[in-house]
Amino acid sequence: MIDDLDKKIIGLIQGDIPVDPRPFAVMAQRIGITEDQLITRIKTLVEEGVIRRFGATLYHKQAGIRSNAMAAWLVPEERIEETGSALARFKEVSHCYQRAPQKDWKYNLYTMIHGQSDEDCRAIAKRMSRAVGITEYTLLFSKREFKKTSMEYF
């Protein structure tokens, strides 16, 4: 189980990391511990599986990415694991999920593709399709972003 200090740490690192040469020192000071204590505690939370990953959120439009498309793939059930792993390795893919098909929607694997243009996303999807041998897919292009935040747990 996690204790109150762990909850403070999780609350701290789920937000923006300070732009500072020693961001963990700044954060540690906020909750009254040392930089080494903070880093050690974060490593322990990762090792124990409490924190699955630690990463940055990229605001793609500010980074120059002009288009993104959710690719919905129809993958034979026995190939989901290998196909999902292969598609997730593409540098243009930020998310890769398996979902149950629905009555009127047959697709079961999803990848979010980022590119410089809609045509770029289409070309990336074609390359991905050739790489995994899955030809049945559709692209859902984003039109407008209403919300983009990370989950806040504490």
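On a predicted model such as this, the values are computed, not experimentally measured, just so you know.

Student: Can you tell me about the environment of I13, naming the residues and giving the values?
Tutor: Structurally, I13 can be placed in helix α1 (residues 4-13). Overall, the relative accessible area of 12% leaves I13 in the buried class. As for I13 and V132, which are separated by 119 residues in sequence, their C-alpha atoms are 36 Å apart. Look past the residues within four positions of I13 in its chain and what remains in contact with it is M27, I42, I51 and F54.

Student: Tell me about the packing of aromatic side chains, residues and numbers included.
Tutor: Within this structure, the stated rule accounts for two aromatic pairs. Between W73 and Y137, the aromatic rings sit 4.6 Å apart at their centres with planes inclined by 35°, giving tilted as the arrangement. Of this pair, W73 sits in strand β1 (residues 67-73) while Y137 sits in strand β4 (residues 137-141), and the two are 64 residues apart along the sequence. Owing to a relative accessible area of 0%, W73 belongs among the buried residues under this scheme. For Y137, a relative accessible area of 23% gives the class partly exposed. In this arrangement the basic side chain of R99 is found over the ring face of Y97, its NZ or CZ atom lying 5.2 Å from the centre.

Student: Tell me what's going on with the environment of K126, and back it up with residues and numbers.
Tutor: Tracing the backbone through its elements, the reader meets K126 in helix α5 (residues 118-132). Separated by eleven residues in sequence, K126 and Y137 have C-alpha atoms that sit 9.6 Å apart.

Student: Please give an account of the sheet that holds β1 that cites residues and values.
Tutor: Sheet strands line up and pair through hydrogen bonds in the backbone, either parallel or antiparallel. With respect to topology, four strands assemble into an open sheet ordered β2-β3-β1-β4, the strand pairing being antiparallel. One side of each edge strand has no neighbouring strand; the edge strands of this open sheet are β2 (93-98) and β4. With strand direction ignored, the average angle separating the axes of adjacent strands in the sheet is 20°. Pairing analysis gives five bridges linking β1 to β4, with the strands arranged antiparallel. Bridge pairing in β4 places W73 opposite Y137. Lying on the sheet, α5 is in contact with β1, β2, β3 (109-115) and β4; it crosses β3 at an angle near 135°.

What counts and what doesn't
Residues numbered from 1 in each chain as written. Predicted model: local features only at pLDDT ≥ 70, side-chain atom pairs only at ≥ 80, totals over all residues. Heavy atoms only, no water. Helix = DSSP H or I, 4+ residues; strand = E, 2+ residues; numbered from the N terminus. Buried < 20%, exposed > 50% of the residue type's maximum accessible area, 1.4 Å probe, protein only. Contact = heavy atoms within 4.5 Å. Phe/Tyr/Trp six-rings, centres within 6.5 Å; stacked < 30°, edge-to-face > 60°. Lys NZ or Arg CZ within 6 Å of the ring centre and 35° of its normal. Pairing = 2+ DSSP bridges. Axes fitted to C-alpha atoms, helices over the stretch in contact; angles between N-to-C directions.

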